[in-house]
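Given next are the chains, with one letter for each unit.
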Amino acid sequence: MKLFRLDKYKNEDKLIEDCIAAIPQAQKYLFDKYAGIFLAVCLRYISDYQIAEDVLMESFMKIYSNLNKFNNKGSFEGWMRRIIVNESISYLRKNKSIHLSTDNIQLMDDETEIGESSENISADKLMNLINKLPDGYRTIFNLYAIEEYKHSEIAEMLNITESTSKSQLFKARSILKKEVKKLESVSDESVIVSISI
């Protein structure tokens, strides 16, 4: 019996080739390698864990069936990540989970930043704050600040105007800035309490 050697997948081209050929070991290797990373991406858009897992599985089915379209321009992981993000957004749209207010607010030239003070809180705490944002704000914040899409691309993806995208981002950042300040004041108070004891 011939043993299947996974070390041959150190070469990404061979992995892609074998996945296109529907070799189960290659597909499993690809899934095992990226499932954890991409589940975290799904969870940034979809707060329900089981639904996020379903979207992840649908995304991998789409990845497998479209591998022949990957043309080696740019990173393979980036190409797959776009599929994961698009599938997550598609789920939200189909289920009308994205509620975007269409009221446009006057934006300042230097859009509200979360601020340098956010460097004082952990990445986990910041991600928890982002996850608590309303769906529309969270979706646009993730697309813009984390996935680095432009407002024109977000507008096209979500079928909204660029000004709505900018407005949602502004509101998301404003909320995050307030929540970060609250967290910092709580941690400052706990330091004062521990010093006084």
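Here, the structure is the one placed above.
This text gives an overview of the structure that appears in the document. Everything numeric here is computed off the predicted structure, so don't read it as measured data. (Residues numbered from 1 in each chain as written. Predicted model: local features only at pLDDT ≥ 70, side-chain atom pairs only at ≥ 80, totals over all residues. Heavy atoms only, no water.)

**Re the overall build of the chain**
A count of helices and strands for the chain gives 8 helices and 0 strands. Taken from the N to the C terminus, the helices and strands of the chain come in the order α-α-α-α-α-α-α-α. Here the chain holds 197 residues, and the buried ones make up 38% of them. Sequence-distant contacts in the chain: of pairs separated by 6 or more residues, those separated by 24 or more amount to 68%. Carbon together with sulfur atoms contributes 52% to the accessible area of the chain, which is approximately 12,100 Å² in total. (Helix = DSSP H or I, 4+ residues; strand = E, 2+ residues; numbered from the N terminus. Buried < 20%, exposed > 50% of the residue type's maximum accessible area, 1.4 Å probe, protein only. Contact = heavy atoms within 4.5 Å. Areas by Shrake-Rupley, 256 points an atom, 1.4 Å probe, with all protein chains shown as cover.)

**Some thoughts on helix H2 (residues 24–45)**
With 22 residues, H2 ought to run about 32 Å at 1.5 Å a step, and its terminal C-alpha atoms sit 29 Å apart, in line with that. At Ala35, H2 shows its largest bend, some 50°. Three or more residues of H2 are buried, namely Ala26, Leu30, Tyr34, Ala35, Phe38, Leu39, Val41, Cys42, Arg44 and Tyr45. (Expected span 1.5 Å × (residues − 1). Bend = angle between axes of the 7 residues up to and from the residue.)

**Concerning the nonpolar core**
The biggest cluster of nonpolar side chains holds 48 residues, and the ones touching the most others in it are Leu30, Ile63 and Leu143. At the level of secondary structure, the elements contributing two or more residues to this core comprise helix H1 (12–20), H2, helix H3 (49–66), helix H4 (76–94), helix H5 (123–131), helix H6 (135–146), helix H7 (151–158) and helix H8 (162–196). Of the residues forming this core, the biggest block, 9 residues, is contributed by H2. In this structure, Leu30 is in contact with Leu15, Cys19, Phe60, Ile63, Tyr64, Phe76 and Met80, ignoring residues within four places of it in sequence. (Core = buried A, V, L, I, M, F, W, Y, C linked by side-chain atoms within 4.5 Å.)

**Some words on the pattern of salt bridges**
Tallied over the full model, the rule gives 8 salt bridges. Linking Lys14 and Glu17 is a salt bridge whose minimum nitrogen-to-oxygen distance equals 3.6 Å. Here Lys14 pairs with Glu17, and both are found in helix H1, just 3 residues apart, close to one helical turn. A residue is classified by how much of its surface remains accessible, and Glu17, at 48% relative accessible area, is partly exposed. The shortest N-O distance in the salt bridge between Lys62 and Glu87 comes to 2.8 Å. Placement of the pair is Lys62 in helix H3 and Glu87 in helix H4, with a sequence separation of 25 residues. (Salt bridge = Lys/Arg side-chain N within 4 Å of Asp/Glu carboxyl O.)

**Considerations on the packing of H2 against H4**
Closest axis-to-axis distance for the H2/H4 pair is 10 Å, and the angle between their directions is 40°. Overall, the two elements H2 and H4 adopt an arrangement that is oblique. Of the two elements, H2 crosses H4, and the hand of that crossing is right-handed. Within the contact between the two elements, H2 uses Leu30, Tyr34, Ile37, Phe38, Val41, Cys42, Arg44 and Tyr45 and H4 uses Phe76, Glu77, Met80, Arg81, Ile84, Val85, Ser88, Ile89 and Leu92. In terms of residue class, the contact of H2 with H4 is made up of 13 nonpolar, 1 polar and 3 charged. (Axes fitted to C-alpha atoms, helices over the stretch in contact; angles between N-to-C directions. Parallel < 35°, antiparallel > 145°, perpendicular 65-115°, else oblique. Left-handed = near helix turned anticlockwise from the far one by under 90°. Nonpolar A, V, L, I, M, F, W, Y, C, P; charged D, E, K, R; others polar.)

**Describing the packing of H5 against H6**
One way to put it is that H5 packs onto H6 with a least axis distance of 9 Å and a crossing angle of 135°. When the interaxial angle is binned, H5 and H6 end up oblique. Across the interface between the two elements, Met127, Ile130 and Asn131 of H5 pack against Arg138, Phe141, Asn142 and Ile146 of H6. The class makeup of the residues in the contact of H5 with H6 is 4 nonpolar, 2 polar and 1 charged.

**What to know about H4**
Taking 1.5 Å per residue as the helical rise, H4 with its 19 residues ought to reach 27 Å, and the 27 Å between its terminal C-alpha atoms agrees with that figure. If you check which residues of H4 are buried, you get Phe76, Trp79, Met80, Ile83, Ile84, Val85, Glu87, Ser88, Ile89, Ser90 and Leu92. Check the buried side of H4 and you find it contacts H1, H2, H3, H6 and H7. With a side-chain oxygen lying 3.5 Å from the backbone nitrogen of Glu77, the N-terminal cap of H4 falls on Ser75. (Polar contact = N/O pair within 3.5 Å; in protein donor to acceptor, adjacent residues only side chain to side chain.)

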